[in-house]
Every structure is written in C-alpha cells, then in structure tokens.
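Structural overview
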Amino acid sequence: MKKSIFTIFLLLLTGVALQAQSQKAFSAGEWFKFRIHYGPFNASFATLEVDETSINGKPVYHVEGKGKSTGLLHWFFKVDDNYQTYIDKQDGKPYKFIRKIDEGGYTKDLEIDFDHSDNKAYVFDRKHNENHTYTTKPKVHDMLSAFYYIRNNINTDELQPGDDMNLNLFIDDENMDFKLKFLGREVIKTKFGKVATLKFRPYVMAGRVFKEKESLTFWVSDDANKLPIKIEANLAVGSLDADLDEYKGLKHPFKIIME
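Because the structure is predicted, anything quoted here is derived from the model rather than measured.

On a regular strand, one side chain projects to one face of the sheet and the next to the other, so that they alternate. Where burial is concerned, most of strand β12 (residues 216-221) is hidden: six out of the six residues are buried. Burial along β12 is two-sided: Leu 216, Phe 218 and Val 220 facing one way and Thr 217, Trp 219 and Ser 221 facing the other are all buried. Both strand β11 (residues 193-203) and β12 contribute to a ladder of four bridges, which runs antiparallel. Note on β12: the bridge partner recorded for Leu 198 is Val 220.

As structure tokens, this is what we get:
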C-alpha cells in the first residue's frame with residue numbers, strides 16, 4: 001500500500017465542482033470526523049479542523065487534517081499522518097502546506113511555500129534537509145486548500161449533469177491536472193438521516209493506485225455547507241469507502257430530509 005488510506009482520502013476530497021463564487025461555506029471552528037473502511041477493515045479515522053491565525057502578517061485560515069489507522073489494519077500497516085494548510089481568507093489561495101506522514105514505516109516531512117506571483121513552490125524536505133524549487137501552474141492548490149476553495153466555489157444553479165471541471169494541484173514535487181464530472185443530484189441515507197447530495201466522478205490515473213480512470217464516486221451535501229458526505233473508490237488493490245461520522249461548528253444548518 002504505497003499510498004496511505006488518509007493520503008488517498010485527501011486526494012478524493014478535491015473531487016468537487018469549480019464554478020462562480022458563491023456564499024462562504026465554512027468558518028473557523030468547523031470540524032469533521034470521517035470513518036474510513038479499506039475492504040473489510042475499519043481502516044482509520046480522519047479529522048479536518050479549521051481555525052484562524054496569521055502568516056507573514058496576513059490573516060489566514062489554518063486547516064489541519066489528521067489520519068490514524070485503527071483496529072486490525074493498524075497492526076500490520078500503521079498510519080499516522082498530519083497535513084496542514086494556510087489559506088487566504090479572501091480568495092482561498094494557499095500560502096503554506098505541511099505534510100508529515102508515517103505510513104507503515106515510510107516517512108515524509110515536507111513544508112511547501114507558494115509564491116503565486118512568480119508561480120513557484122519552494123519545498124523544504126526536513127527528512128533529508130534539502131530545498132527544492134518547482135514551477136507551478138497559475139491558481140495552484142495543495143490537497144487541503146483545494147477542498148476548501150472548491151466548497152466556496154460551487155454554483156449549484158449552473159451545474160448540469162455531464163459538466164466537466166478542472167483544478168490545478170501541486171503535490172510534493174508534481175503538478176497535477178485534476179478533472180471531474182458532475183453526475184447529478186441524489187438523496188442518500190446516512191447515519192444522520194437522508195441527505196440531498198451532489199454527486200461527482202473525478203478522473204484519476206489508472207494503474208498505480210486506482211483500478212480505472214473512473215474508479216471514484218463522491219457525494220457532497222446540496223446545501224450551503226457543501227460538506228463531504230460519502231466517498232467510494234475502487235483501488236488497484238481492494239476498495240475504499242469513507243463516510244462522515246461526526247461534525248461540529250458548521251457555518252450553515254445541515255439540511256437533513258425529515259420523513
């Protein structure tokens with residue numbers, strides 16, 4: 001398992017629609033907890049939390065994502081991951097991204113500073129004490145900033161089934177073109193009750209991690225929060241499912257369909 005369950009989970013979170021600016025979907029104090037299953041295993045829990053701080057004198061949202069393996073999987077593939085991003089409060093662009101992971105003994109400790117005016121990413125590899133500079137694409141995002149930027153930029157009035165959308169990502173040392181398709185609206189059952197959702201299918205690279213290009217399906221709530229509700233993925237080895245398990249600090253009411 002060369003990529004951890006939590007790393008794959010973060011990649012999946014970027015699979016939502018980009019459209020015109022909409023109402024802010026989140027604020028400081030928001031917290032999510034997800035239950036992640038890998039095949040028959042209750043593989044891990046992942047959390048995402050938003051607070052406020054400043055970086056280089058600029059007010060920013062600080063988002064921290066954590067993932068830890070649990071149960072039987074923890075005994076033969078221990079995962080302890082920490083991801084952080086610092087994003088502009090106005091336009092959502094990332095200034096700094098931190099990735100510190102321990103995945104079955106494989107470790108990585110990276111700090112990335114983004115220069116959007118020069119389209120550069122300055123990567124400090126703490127593990128090897130090395131600095132590298134990479135050219136990025138315009139309006140680039142990291143794995144975490146992408147998720148929160150997207151939530152603020154979903155225009156449900158303009159979405160039509162079959163619409164294709166794109167996003168530029170920079171991950172570790174690589175630029176990625178992320179493309180996805182809006183499949184339509186669907187009401188799904190959750191532990192909280194029935195929820196109206198927007199359903200998406202990202203296009204991914206087949207072979208190394210995912211079984212096919214269309215191996216993922218992703219649902220977000222069709223309300224002002226645009227919170228992730230459910231993910232399904234067919235991997236090259238096994239399958240992954242993630243479900244929202246707990247939440248607090250939502251900026252808007254969570255719309256649950258009452259019967």
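Along the chain, the position of Asp 245 falls in strand β14 (residues 239-248). A relative accessible area of 10% places Asp 245 in the buried class. Residue contacts for Asp 245: discarding those within four places in its chain leaves Lys 33, Phe 34, Arg 35, Phe 45, Lys 191 and Phe 192.

Structurally, Asp 91 is set in the loop between β4 (79-88) and β5 (94-103). Of the residues examined, Asp 91 reaches a relative accessible area of 38% and is grouped as partly exposed. Placed 58 residues apart in sequence, Asp 91 and Tyr 149 show a C-alpha to C-alpha distance of 7.9 Å. A polar contact is formed between the side chain of Asp 91 and the side chain of Lys 93, at a distance of 2.9 Å.

Now for the pattern of salt bridges. Oppositely charged side chains can pair when the atoms bearing their charge come close. The tally for this structure, following the rule as stated, stands at 17 salt bridges. Note that Asp 177 and Lys 137 form a salt bridge whose closest N and O atoms lie 2.5 Å from each other. Of this pair, Asp 177 sits in strand β10 (residues 174-190) while Lys 137 sits in the loop between β8 (130-135) and α3 (143-151), and the two are 40 residues apart along the sequence. On the accessibility criterion, Asp 177 (57% relative accessible area) is exposed. On the accessibility criterion, Lys 137 (31% relative accessible area) is partly exposed. Note that Lys 199 is salt-bridged to Glu 186, the shortest N-O span being 3.2 Å. Of this pair, Lys 199 sits in strand β11 while Glu 186 is found in strand β10, placing the two residues 13 residues apart along the sequence.

Calculation rules
- Residues numbered from 1 in each chain as written.
- Predicted model: local features only at pLDDT ≥ 70, side-chain atom pairs only at ≥ 80, totals over all residues.
- Heavy atoms only, no water.
- Buried < 20%, exposed > 50% of the residue type's maximum accessible area, 1.4 Å probe, protein only.
- Helix = DSSP H or I, 4+ residues; strand = E, 2+ residues; numbered from the N terminus.
- Pairing = 2+ DSSP bridges.
- Contact = heavy atoms within 4.5 Å.
- Polar contact = N/O pair within 3.5 Å; in protein donor to acceptor, adjacent residues only side chain to side chain.
- Salt bridge = Lys/Arg side-chain N within 4 Å of Asp/Glu carboxyl O.

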